[in-house]
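Architecture at a glance
What follows is the residue order along each chain.
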Amino acid sequence: MPRSGGAVIPMKDEVVILAGVRQPEKEPWEPFAAPVLDFLEQLSREIRRERRKYEQLAAFGFWCRRSHMEEFRKRYEDGRSRLGRGVVFHITASNVPVLFGYSLVMGLLAGNSCSVRISSKSREQDQILCRIMDRILTRPEYKGIRRRISVFSCQRYSLAVREALSDCAGCVVWGGDRTIMEIRCMRIRPDAVQLNFPDRYSICILDTLQLGNITEEELKNLAHRFYNDTYLLDQNACSSPAIVIWNQEEESKEAENARVRWWNAVDEEARSYDLTAHKAMAKYELLCRYAMTLDVETKISCYGNRLYTMELGDIPSDIDQLRGAFGMFFEYRGDWRKALTHLASGRLQTITYHGIEEQKIVDFVIKNHLFGVHRIVPAGRAAVMDPVWDGHDFIAVLSRQIGREAQDAFV
Amino acid sequence: MMIGEMSEEKGKIDMDYEMILARKPYSLCRAEKRELFGDWLTELTEYHRQHCPPYEKLLKALEIPSGRSMEEEDIPMLPIGLFKSMELMSVHPGHIFKTMTSSGTKGQEVSKVFLDTDTARYQQLALAGIGEDFFGDQRLPLLVIDSPDVLKDRKMFSARGAGILGFSIFSSHICYALTSDMELDTEAVEGFLKRYKDTRVLVFGFTYIIWKYFYEALAIQGKKLELDNAVLVHGGGWKKLISQSVSSDEFKKRIYSVTGISRIHNYYGMAEQTGCIYMECPCGNLHASVYSDIITRRAADFTPCEYGEKGIIQILSPLPRSYPGHSILTEDEGIIIGEDDCLCGRLGKYFKVTGRIKHAPVRGCSDTYEG
């Protein structure tokens with residue numbers, strides 16, 4: 001097997017099985033089946049026991065703990081009758097560590113067998129997750145669940161991908177718009193369901209005065225969580241906020257102090273960020289290009305190269321096109337409702353917030369019939385995966401609900 | 001502005017350029033150069049602020065006030081990538097004399113650099129000054145290791161073409177060593193060698209082209225050319241050669257083995273600041289001339305590095321007037337070794353280029369589903 005830097009690179013049309021079997025069985029199970037929950041519990045334990053130094057992997061291990069999965073299960077205890085669909089095929093972004101793990105868990109929870117194609121360029125944490133998973137699956141007590149999992153890598157347009165697509169009962173594609181369009185052009189069963197997660201962007205709404213009043217400790221805590229939402233994925237995840245909206249009625253010394261205090265706290269947290277020369281250059285170029293091309297006045301603040309902010313004097317015509325990276329944030333001051341009206345194109349995924357009532361944001365989105373806003377979560381929770389993601393309900397889409405007039409009508 | 005004032009301003013600027021371009025290229029000591037470059041680049045920053053609207057917007061966003069006197073280190077930098085994605089000029093489009101492009105490989109975006117006649121002339125004079133210091137003021141027969149086709153489109157030409165055209169000012173006669181198919185033109189080369197048997201000649205080309213189409217062709221054919229009297233000048237970067245594990249020493253040794261050339265000078269330069277190239281001296285160091293300067297910066301905060309410390313290379317030159325390229329942050333890394341005290345005797349900073357900034361994998365949701 002050709003190897004490069006520890007990663008196994010498959011030859012053309014070759015398939016490298018990283019966990020589970022080559023062909024998963026097709027039989028649908030009921031959602032939240034006991035063997036699935038048992039397997040996830042064991043997975044969670046083993047990840048947490050040995051892999052604390054990898055942040056995303058550790059977070060995944062914590063996420064799939066028994067009690068958390070049980071919480072999910074309770075949400076669907078609504079008396080309706082559901083069953084999985086068969087084999088769900090997943091194609092996940094290689095540059096988000098352990099994303100494939102989350103996607104796989106959603107497929108399993110919904111009652112399906114899962115085959116997952118990951119990139120041969122997948123990173124260390126993905127490889128470790130595969131090894132831990134495979135180790136568990138080879139034990140006799142997990143034989144049943146092993147038959148329902150296939151994690152493999154293969155080349156981009158290989159036969160294995162085309163076959164998996166044309167056979168599956170559903171597919172989940174994470175990635176850029178281009179990837180999704182490419183996959184959509186491939187052959188797929190007429191009754192297969194598709195969950196696509198295309199390019200998205202996200203924002204954060206902070207109440208200026210409220211933030212000015214929190215204690216140093218709260219501030220540090222919040223800044224740390226904000227760091228996790230952004231820097232941890234190079235601020236390139238769809239859920240990482242690009243724009244910070246400072247909700248305030250009018251400008252005051254107090255408001256300015258609150259903002260400066262906040263960014264200083266974020267800058268402090270960003271000290272642990274690995275800012276390579278390449279990232280520093282790319283970020284500086286992005287900053288300059290926006291300053292030179294936006295149709296509104298901007299004001300740049302640099303905290304070393306770790307943190308750049310660009311204050312928008314007004315709402316630019318293409319505000320929904322703004323993207324940060326590696327710790328570069330746009331700032332807008334004013335009423336959050338006004339900003340949101342301009343921002344909420346269909347691509348606006350997550351609003352993280354602090355100091356604003358969640359219900360008010362939800363009400364505003366619904367009342368104004370906005371296209372965007374698919375998630376609203378407190379600041380620091382941007383990257384926390386949930387069965388309802390990006391406007392879709394994984395469990396509902398990836399399982400079938402058996403319609404029964406009498407029962408459904410009275411639930 | 002009234003017409004009288006404008007011509008007066010232009011007159012003053014011309015005088016500055018004539019003055020500096022008349023100087024020997026390695027004749028300014030640190031203190032003099034700092035003062036000259038601080039003033040001149042400050043003035044040029046103002047000039048581009050007034051003539052290039054996107055540049056003005058950037059300075060405004062960075063809150064760089066008008067009329068403040070800046071040191072060389074304080075001059076705002078444009079990242080080199082912007083010349084790829086934007087069309088930046090400080091002259092009326094009607095005054096563009098030619099558009100230069102960087103030598104990107106196929107499919108890559110290339111930089112576009114807009115030159116008016118003044119800027120093109122300054123750049124050519126700077127190159128002439130540097131060349132004279134290294135090869136004397138006599139015109140020499142020039143063997144260009146490239147195909148004449150590179151120069152076909154004069155309006156829109158590449159850094160490769162610009163280099164050839166630039167170096168042709170040192171020549172009394174030009175011979176192209178490669179055919180349009182990039183094959184060694186044995187007949188032409190042999191004719192050239194015969195004609196200039198006992199004359200000093202100049203050989204010029206891009207590092208990778210010399211290696212791939214000249215050295216390798218000669219090595220395969222087992223040919224040795226009689227070029228003992230030649231000076232070879234080459235530039236354009238080591239990126240492709242480093243991937244083939246060819247070091248500078250190895251390059252020199254191999255070239256010597258097929259041509260007998262012992263005087264080989266590498267240079268560092270780029271389309272975004274043509275003319276003011278950084279030539280390698282006999283001690284193996286690249287030198288900044290009076291026409292340009294170099295600063296290396298730290299990735300963490302872009303503060304200037306100490307001598308001996310590796311950093312991202314910034315290049316500064318007062319020559320670019322038709323486009324705001326007087327202070328550029330490159331994507332290369334290097335080490336400034338010292339200033340004014342290289343054993344070769346040239347004044348100014350001397351340095352080494354260590355290579356391109358390494359592209360680390362970036363996280364994020366898009367750009368998925370690869371290999």
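Residues numbered from 1 in each chain as written. Chains lettered and ligands numbered in written order. Predicted model: local features only at pLDDT ≥ 70, side-chain atom pairs only at ≥ 80, totals over all residues.

1. Some points on the overall build of chain A
Basically, it comes down to this: Strands are runs of DSSP state E lasting at least 2 residues, helices are runs of H or I lasting at least 4, and numbering of each runs from the N terminus. Atoms considered for the radius of gyration are the C-alpha atoms alone. The globule rule reads 2.2 Å times the number of residues to the power 0.38. Any residue whose C-beta has 12 or fewer other C-beta atoms within 10 Å is treated as exposed, any with 20 or more as buried, and any in between as partly exposed, C-beta atoms being built from the backbone. Working definition of a contact: two residues with C-beta atoms, positioned from the backbone, lying within 7 Å.
In terms of helices and strands, chain A carries 16 helices and 19 strands. A compact globule built from 411 residues would reach a C-alpha radius of gyration of about 22 Å, and chain A, at 22 Å, matches this within 12%. Principal-axis analysis of the C-alpha atoms places the extent of chain A at approximately 65 × 60 × 40 Å. Looking at chain A as a whole, 47% of its 411 residues are labelled buried. Long-range contacts, defined as pairs at least 24 residues apart, comprise 76% of the intrachain contacts of chain A with a sequence gap of at least 6.

2. Digging into the overall build of chain B
Scanning chain B from terminus to terminus reveals 10 helices and 15 strands. Expressed as a percentage of its 371 residues, the buried residues of chain B come to 45%. Within chain B, counting contacts between residues at least 6 apart in sequence, those at least 24 apart form 70% of the total.

3. A short note on helix 7 (residues 159-167) of chain A
All names here are of chain A. Defined as follows: Picture the helix axis, draw a direction to every C-beta atom, and the arc is the one those directions span.
Taken together, the buried positions of helix 7 are Ala160, Val161 and Ala164. Across the axial projection of helix 7, the buried residues extend over an arc of 100 degrees, all falling on one side. Elements that come into contact with the buried residues of helix 7 comprise strand 5 (87-91), strand 6 (113-118) and strand 7 (149-153).

4. With respect to the environment of His48(B)
Residue and element names in this part refer to chain B. Considering the arrangement of structural elements, one finds histidine 48 in helix 2 (residues 30-51). For histidine 48, a count of 26 C-beta atoms within 10 Å corresponds to the buried category. Sequence-wise, histidine 48 and tyrosine 323 are 275 residues apart; in three dimensions their C-alpha atoms are separated by 7.5 Å. Once you skip the residues sitting within four places of it in the chain, histidine 48 turns out to touch Tyr55, Ser90 and Pro324.

5. What to know about the interface of chain B and chain A
To be explicit about the condition: Each residue gets one of three labels, nonpolar for Ala, Val, Leu, Ile, Met, Phe, Trp, Tyr, Cys and Pro, charged for Asp, Glu, Lys and Arg, and polar for the others, Gly among them.
On the side of chain A, 39 residues touch chain B, which itself brings 35 residues to the contact. Of all the secondary-structure elements, those providing two or more residues to the side of chain B that touches chain A are helix 3 (53-61), strand 1 (78-79), helix 4 (82-85) and strand 14 (327-339) of chain B. Counting residues per element, the side of chain B that touches chain A draws most heavily on helix 3 of chain B, which supplies 4 residues. Counted by class, the side of chain B that touches chain A contains 19 nonpolar, 7 polar and 9 charged residues.

6. Comments concerning unusual backbone geometry
All names here are of chain B. Phi is positive for glutamate 63, which is not a glycine, with a value near 55 degrees. In this model, aspartate 340 sits at a positive phi of 65 degrees, which is unusual for a non-glycine residue. Relative to the helices and strands, aspartate 340 resides in the loop between strand 14 and strand 15 (349-356).

7. A look at the sheet that holds strand 3 (residues 16-20) of chain A
Residue and element names in this part refer to chain A. The criterion, for reference: Between any two strands, pairing holds if DSSP finds at least two bridges. Here an axis means a line fitted to C-alpha atoms, over the contact stretch when the element is a helix, while the angle between two N-to-C directions is reported on a 0 to 180 degree scale.
The 6 strands are arranged 3-7-6-5-8-9 in an open sheet whose pairing can be described as mixed. Each of the sheet's edge strands pairs with one partner strand only, and the pair in question is strand 3 and strand 9 (193-197). Strand-to-strand twist in this sheet, taken as the mean axis angle between neighbours without regard to direction, amounts to 15 degrees. Bridge count between strand 8 (residues 170-174) and strand 9: 5 bridges; the pairing is parallel.

8. Details of the packing of helix 12 (residues 277-293) of chain A against helix 3 of chain B
Cut-off, in case you're wondering: With respect to orientation, any angle under 35 degrees is reported as roughly parallel, any angle over 145 as roughly antiparallel, any angle of 65 to 115 as roughly perpendicular, and every other angle as oblique. In this scheme the crossing of two helices becomes right-handed for a clockwise turn of the near helix relative to the far one and left-handed for an anticlockwise turn of less than a right angle.
With their axes 7 Å apart at the nearest point, helix 12 of chain A and helix 3 of chain B run at an angle of 115 degrees to one another. By the angle between their directions, the pair helix 12 of chain A and helix 3 of chain B is classed as roughly perpendicular. Judged by the sense of rotation from one axis to the other, the crossing of helix 12 of chain A with helix 3 of chain B is right-handed. Between helix 12 of chain A, through Cys288(A), Ala291(A), Met292(A) and Thr293(A), and helix 3 of chain B, the contact on the second element is made entirely by Pro54(B), Lys57(B), Leu58(B) and Ala61(B). Residues belonging to the contact of helix 12 of chain A with helix 3 of chain B are distributed by class as follows: 6 nonpolar, 1 polar and 1 charged.

9. So, the confidence of the model for chain B
As a general rule, the predicted coordinates of low-pLDDT regions are not to be interpreted in detail. Residue and element names in this part refer to chain B. For clarity, the cut-off: A residue's pLDDT is the confidence the predictor assigns to it, expressed on a 0 to 100 scale.
Chain-level statistics for chain B give a pLDDT mean of 88 and a share of 90% at 70 or above. Note on residues 1-8: pLDDT under 50 across the span, and 1 contact to partners over four residues away in sequence or across chains. Confidence drops under a pLDDT of 50 for residues 367-371, and excluding neighbours within four residues, the segment shows 24 contacts in the predicted structure. The ipTM value of the predicted complex is 0.90, and its pTM value is 0.90.

10. Remarks on the domain arrangement of chain A
All names here are of chain A. Stated precisely, the cut-off is as follows: Domain start and stop points were drawn from an automatic or database domain assignment.
By domain assignment, chain A separates into domain 1 (3-199 + 390-406) and domain 2 (201-384). Counting residues at the interface gives 5 residues for domain 1 and 8 residues for domain 2. Its residues assigned to classes, the side of domain 1 that touches domain 2 shows 1 nonpolar, 1 polar and 3 charged.

11. What to know about the confidence of the model for chain A
Mean pLDDT for chain A: 92, with 95% of residues reaching 70 or above. Long-range and interchain partners of residues 1-6 of chain A, a stretch whose pLDDT sits below 50, account for 5 contacts in this model, where long-range means more than four residues apart.

12. With respect to the environment of Ala277(A)
The topology assignment puts Ala277(A) in helix 12. For the pair Ala277(A) and Tyr157(A), spaced 120 residues apart in the sequence, the C-alpha separation amounts to 33 Å. Once you skip the residues sitting within four places of it in the chain, Ala277(A) turns out to touch Ala299(B), Ile312(B), Glu333(B) and Ile357(B).

13. Here we look at helix 3 of chain B
Along an α-helix, a turn takes 3.6 residues, which lines up residues three or four apart on a common side. Looking at helix 3 of chain B, one finds that the buried residues are Tyr55(B), Lys57(B), Leu58(B), Leu59(B) and Ala61(B). Tucked into the core, helix 3 of chain B has its buried residues touching helix 12 and strand 12 (298-303) of chain A together with helix 2 of chain B. Directly beyond the C-terminal end of helix 3 of chain B, a positive phi value near 55 degrees is found at Glu63(B).

14. Let's talk about the sheet that holds strand 14 (residues 328-334) of chain A
All names here are of chain A. Judged by pairing direction, the sheet is mixed, and its 7 strands sit side by side in the order 12-13-14-11-10-15-16 without closing on themselves. Of all strands in the sheet, those with a lone pairing partner are strand 12 and strand 16 (375-378), marking the two edges. Recorded for the sheet is a direction-independent mean angle of 25 degrees between the axes of neighbouring strands. Where strand 12 and strand 13 (residues 307-312) come together, 6 bridges link them in antiparallel fashion. Along strand 13, the bridge assignment pairs threonine 298 with leucine 312.

15. A word on the pairing of strand 14 of chain B
Residue and element names in this part refer to chain B. When strand 1 meets strand 14, the two strands line up parallel, connected through 2 bridges. For leucine 78, the partnering residue across the bridge sits in strand 14 and is isoleucine 328. Across 6 bridges, strand 13 (residues 310-316) lies against strand 14 in antiparallel orientation. Bridging from a neighbouring strand, lysine 310 pairs with isoleucine 335 of strand 14. Across 7 bridges, strand 14 lies against strand 15 in antiparallel orientation. Opposite glycine 334, over in strand 15, you have valine 353 as the bridge partner.

16. Some words on the packing of helix 8 (residues 207-221) of chain B against helix 10 (residues 248-259) of chain B
Residues and elements named next belong to chain B. Interaxial distance between helix 8 and helix 10 falls to 9 Å at its minimum, and their mutual angle equals 50 degrees. On the basis of the axis angle, helix 8 is oblique to helix 10. In the packing of helix 8 onto helix 10, the handedness of the crossing is left-handed. Here Trp211, Tyr215, Leu218 and Ala219 of helix 8 come into contact with helix 10, specifically with Phe251, Arg254, Ile255 and Val258. Here the contact of helix 8 with helix 10 is built from residues that sort into 7 nonpolar, no polar and 1 charged.

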